[in-house]
Amino acid sequence: MDFSKIASSALKGINSLAKTNYAQMLPDGEFDYTKEASEEGFTAGFGKAVMLPDDIKTKKYYIAGYGENNPAKGVIDPQYAHALWLDDNSGKGGHLFISLDIVGLLNKDVNNLRNALGEFKEITGCRTITIMSTHNHAGIDTMGIWGRLPHTGKSKKFMTIMFNAVITAASAAYRDRRKGKLYLGRIEVPDMQEDIRTPEVYSKTLTRLRFVPDDGTREIYFINFASHSESLQGCNSLVSADFPCYLREKIRNDTGAETIYGVGAIGGMISMKIEDEDKLRKENRLLESTRNIGFRLADYAMSVTEEYELKAKISHIKQEFYVPVENPVLTIACQLGILNADAYTLPYSDEKVLKTELNYFEIDSLKILMIPCELFPELAYGGYLSEDESAEGLPPEINPEPLIKIAEDENLLIFGLANDELGYVLPPNDFMLNTDAPYLDRAIDRFGRRHYEETNSMGPDTAAIIAESFGKIINQVNTVKSV
């Protein structure tokens, strides 16, 4: 996306648009630890609801994820809200996981959505609510930056539709709950992704949680895989859920199971490989390719053979923290209301920050980190560029410790775009800005490599702050477990 229109329209007199909102001290998260597994096993339920305006052909809704001002011209398949209710029967309440076929949702909207689920939470005794996005680039704008800038691209009507769909899906998942067993399985997918930015580092693992009801009724899959949902590409002007739609469709048709899908560490940029891409685009056959991608990934998901049963115990901790907004265009977009986010000012400083959150779960031995961004995979798994390879000759030692090292678990499961969308989070030693127009125009480094992702980032400090916040979580977890 190009924020230059926002900047040029708003720089004059911008200080008069917002009063000072000072950042307050945030408390340390508390680890809600479930030590003993329930003999009753898990209880789980699934629900879904369509998110599609009835006036999609007559009213202007903007497609999100590529250039601005791309109004939807029709529908290929509808966007959905999918919900999973998962309870360990510890007596503490169940956990609600929501997956939305959207490009992303900012933390302020996430918290508004949680508030809208207040009655649901009170009635059900819901313990936590997690809102994830599939990072769908063929869905209606839910962030605001893909309209006719400098105006927001968000539609109040669609946001209401989305909120109602989440409530409907959540309620359906709760009504659907059944007792059963939960299995964890993984499979390597060696031939479907591509990494278009150096270094080539990403997870090829598809992780599947499979809930099997005791009564033999429909199973539920909870799938994690690392890829942008953008196989229809920027030439598309039709609403769709992209390849996750066809992943879920094939699993449902072949097994009867329903699927909730989430993405992993996808920054940098991890996308699905499209064979004969230029030819398919010229022949207007990207939909055919997108279907095939979804079906192929479904085949991998259904072919998981090595599984083990997880014991019925779920622990959780949420840690809120602030991230500096060095990118001035994002600050302006917040002040103009294009982005629905509150920019705070640090006391005794003019520095602007946004508040966000990490959520960490342990389901028996499985460690899960919900991250609020498009994380570069090397920040999760290691494999940083060396001093000789980096954009400006900076050493890898300035980068934070990879998340799997902090967790002391190479199988740490990462869900991206969870409860917020902070944009790309990059390793500091390969973070490069255009010197003439920082955060507006992409830089080109000494190797001729483009640095586009920096223009859609908060700044170079975000990676270290996420790692520091995760370290705080792990310290809290270890402290509680040691008592």
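See the structure shown above.
Residues numbered from 1 in each chain as written. Predicted model: local features only at pLDDT ≥ 70, side-chain atom pairs only at ≥ 80, totals over all residues. Heavy atoms only, no water.

**Some details on the pairing of strand β8 (residues 220–225)**
On any regular strand, side chains alternate: one points to one face of the sheet, the next to the other face. When you tally the buried positions in β8, you get six out of six residues, the bulk of the element. Side chains Ile220, Phe222 and Asn224 of β8 all project onto a buried face; the interleaved residues Tyr221, Ile223 and Phe225 project onto the opposite face, where all are buried too. As paired elements, strand β7 (residues 205–213) and β8 share five bridges and run antiparallel to each other. Paired with Arg210 across the strands is Tyr221, a residue of β8. Hairpin connection, β7 to β8: the antiparallel pair is bridged by six residues, and Gly216 has positive phi, about 80°. Sheet topology note: the β8/strand β9 (residues 258–263) ladder contains six bridges and is parallel. Paired with Tyr221 across the bridge in β9 is Thr259. (Buried < 20%, exposed > 50% of the residue type's maximum accessible area, 1.4 Å probe, protein only. Helix = DSSP H or I, 4+ residues; strand = E, 2+ residues; numbered from the N terminus. Pairing = 2+ DSSP bridges.)

**Some remarks on the pattern of salt bridges**
Pairing between side chains of opposite charge can happen when their charged atoms approach one another. In this structure the tally under the stated criterion is 33 salt bridges. Note that Glu219 and Arg210 form a salt bridge whose closest N and O atoms lie 3.0 Å from each other. Residue classification places Glu219 among the partly exposed positions, given a relative accessible area of 21%. By relative accessible area, which is 16% here, Arg210 ends up buried. Across the pair Asp278 and Arg281 runs a salt bridge, and its minimum N-O distance is 3.1 Å. (Salt bridge = Lys/Arg side-chain N within 4 Å of Asp/Glu carboxyl O.)

**As for helix α8 (residues 328–336)**
Inspection of α8 places Val329, Leu330, Thr331, Ile332, Ala333 and Cys334 among the buried residues, and these make up the whole buried set. Sitting at the amino-terminal end of α8 is Asn327, which places a side-chain oxygen 3.1 Å from the backbone nitrogen of Val329. (Polar contact = N/O pair within 3.5 Å; in protein donor to acceptor, adjacent residues only side chain to side chain.)

**Concerning the packing of aromatic side chains**
With the rule as written, the count across this model stands at 14 aromatic pairs. Pairing Tyr322 with Tyr344 gives two aromatic rings, centres 5.9 Å apart and planes at 65°, and the pair type is edge-to-face. Of this pair, Tyr322 sits in strand β12 (residues 314–324) while Tyr344 sits in strand β13 (residues 344–345), placing them 22 residues apart in sequence. Using a relative accessible area of 17% as the deciding quantity, one classes Tyr322 as buried. Owing to a relative accessible area of 14%, Tyr344 belongs among the buried residues under this scheme. Each member of the aromatic cluster is reached from another via a ring pair, and the members are Phe97, Phe222, Phe361 and Phe415. Positioned above the aromatic ring of Tyr174, the side-chain terminus of Arg177 is 3.7 Å from the ring centre. Above the ring of Tyr221, the side-chain terminus of Arg208 is found at 4.9 Å from the ring centroid. (Phe/Tyr/Trp six-rings, centres within 6.5 Å; stacked < 30°, edge-to-face > 60°. Lys NZ or Arg CZ within 6 Å of the ring centre and 35° of its normal.)

**Remarks on the side chain of Asp109**
Take Asp109: it is sitting in helix α2 (residues 107–116). With a relative accessible area of 5%, Asp109 lands in the buried category. A polar side-chain atom of Asp109 sits 2.9 Å from a polar atom in the side chain of Lys154. If near-sequence neighbours (up to four positions away) are discounted, Asp109 is found in contact with Thr142, Lys154, Met159, Phe163 and Asn340. (Contact = heavy atoms within 4.5 Å.)

**A word on a negative patch on the surface**
A cluster of like negative charges, contributed by Glu387, Asp388, Glu389 and Glu397, occupies part of the molecular surface. For Asp388, the location among the structural elements is in the loop between α9 (377–381) and α10 (403–407). (Patch = residues over 30% accessible without salt bridge, like charges linked within 9 Å, V, L, I, M, F, W, Y side chains within 5 Å. Areas by Shrake-Rupley, 256 points an atom, 1.4 Å probe, with all protein chains shown as cover. Lys, Arg positive; Asp, Glu negative; His and termini not counted. Charge placed at Lys NZ, Arg CZ, Asp CG, Glu CD.)

**A short note on the environment of Glu408**
Inspection of the secondary structure assignment puts Glu408 in the loop between α10 and β17 (413–415). Given the relative accessible area of 69%, Glu408 is considered exposed.

**Considering the environment of Pro427**
Along the chain, Pro427 turns up in the loop between β18 (424–425) and β19 (443–444). Under the relative-accessibility criterion, Pro427 is labelled buried at 3%. Taking C-alpha positions, Pro427 is 15 Å from Asp388, a pair spaced 39 residues apart along the chain. Among all residues touching Pro427, those that are not within four sequence positions of it are Phe376, Glu378, Leu379, Tyr384 and Asn399.

**Observations regarding the side chain of Asn70**
Within the secondary structure layout, Asn70 lies in the loop between β1 (42–51) and β2 (79–87). Among the polar contacts made by the side chain of Asn70, one reaches the side chain of Ser237 at a distance of 2.7 Å. Filtering out sequence-adjacent residues up to four positions away, Asn70 remains in contact with Tyr61, Tyr62, Ile63, Trp146, Gly234, Asn236 and Ser237.

**Focus on the pairing of strand β4 (residues 128–133)**
Judged by how many residues are buried, β4 sits mostly within the fold: six of six residues are covered. Neither face of β4 is left uncovered, since the one carrying Thr128, Thr130 and Met132 and the one carrying Ile129, Ile131 and Ser133 both have all their residues buried. In terms of strand pairing, strand β3 (residues 95–100) meets β4 through six bridges, oriented parallel. Considered in β4, the bridge of Leu96 is made with Ile129.

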